[in-house]
Amino acid sequence: MSAVRGEVQIKAQAQPHPLRELWNYFSQNRGAVIGLTVVILLVLIALSANLIAPHSPIAQFRDATLAPPMWQAGGSSKFILGTDPVGRDMLSRLIHGTRLSLVIGLVSVTLSLTIGVLIGLIAGFFRGVVEVALMRLMDIMLALPSLLLAVAVVAILGPGLMNAMYAIAIVMLPHYARQTRAAVIGEMQKDYVSASRIAGAGTVRLMFNCVLPNCAAPLIVQATLGFSSAILDAAALGFLGLGAQPPTPEWGSMLASALEFIQSAWWVVTFPGLAILVSVLAFNLMGDGLRDALDPKLKR
């Protein structure tokens, strides 16, 4: 018995912790590590925006409108990335826009993930009329272009930052609902669910304690990729004037207010566009790495 116990202990010690194993697979993808590094940097910038921003994002310096970046002729070290058409510091607005974009992504993904998981669980457990009704509603929402659906929702609720978050959450809702339903149907056929039923587990306990934890991996990946979609949709709504309203420092609205100066002042368009590009690319790279690390079929 002691020999068997010792062998079991050796095997337990040899098996790495799940988080360490996840990091081992994740770190094999260089792009994913770069994406994670950029995401961490964005979070740090967002948390310390009030400390590192050289100026207030809404302060106007009327004597320095459309000032070029400091390395260009006519630039000043006071405005490292230049100023916008009304004299606001571009660097400060980009820094505070990082916080706003991450908040939009967090709120939108949390809302859509929570509601989508509930719909998917209900559709996966209660087959028949309930499943057909819920999934056909999700199909109708997926049939509409995402931006058009978001614009329609904002048009009903009214322009504004919170309404833009609700619109983005509604747009992303069908993806989480359908993915949860598919994962639940696959898990319902496994032996541990039957054993839990025989042991007397109720439907609610089966949903949240047994089945949902085993469906978490694809949902985590989808939520990570959902951040990039939320940032893009928020920028699109801001560009159309339906998202964050001036003078809120949001990347999409910054692009909209600078369109007429695209040839005379390249920095007012280039830097917000680069911020959107870098943040979306970082979340996509990190999401791809998580997918490879969490999916057993893709592990190398």
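Student: Explain the nonpolar core here, please?
Tutor: Soluble globular proteins tend to pack their nonpolar side chains together in the buried interior. Of all hydrophobic cores here, the largest spans 61 residues; its most connected members are M90, L94, M138, I168, W251, V268 and F283. Among the secondary structure elements, those contributing two or more residues to this core are α3 (30–47), α5 (90–125), α6 (129–143), α7 (146–157), α8 (161–188), α11 (216–239), α12 (251–257) and α13 (267–294). For this core, the leading source of residues is α13, giving twelve residues. Beyond its immediate sequence surroundings of up to four residues, W251 is in contact with L94, G97, T98, S101, I231, P272, A275, I276 and S279.

Student: Sorry if this is basic, but what is going on with α6 here?
Tutor: Three or four residues apart is the spacing at which side chains of an α-helix point the same way, because the helix has 3.6 residues per turn. The first and last C-alpha atoms of α6 sit 21 Å apart over 15 residues, in line with the 21 Å expected at 1.5 Å per residue. Along α6, the residues classified as buried are E131, M135, M138 and M141. All buried residues of α6 fall inside an arc of 110° around its axis, so they share one side. Turned more than 90 degrees off the buried face of α6, the exposed positions are V129, I140 and A143.

Student: Mind showing me how you'd approach the environment of S194 here?
Tutor: Along the chain, S194 falls in helix α9 (residues 191–198). Of the residues examined, S194 reaches a relative accessible area of 38% and is grouped as partly exposed. The sequence separation of S194 and V171 amounts to 23 residues, and the corresponding C-alpha distance is 35 Å.

Rules behind the numbers
- Residues numbered from 1 in each chain as written.
- Predicted model: local features only at pLDDT ≥ 70, side-chain atom pairs only at ≥ 80, totals over all residues.
- Heavy atoms only, no water.
- Core = buried A, V, L, I, M, F, W, Y, C linked by side-chain atoms within 4.5 Å.
- Buried < 20%, exposed > 50% of the residue type's maximum accessible area, 1.4 Å probe, protein only.
- Helix = DSSP H or I, 4+ residues; strand = E, 2+ residues; numbered from the N terminus.
- Contact = heavy atoms within 4.5 Å.
- Expected span 1.5 Å × (residues − 1).
- Arc of directions from axis to C-beta.

So far we have only geometry, and geometry alone does not tell us how the molecule works.
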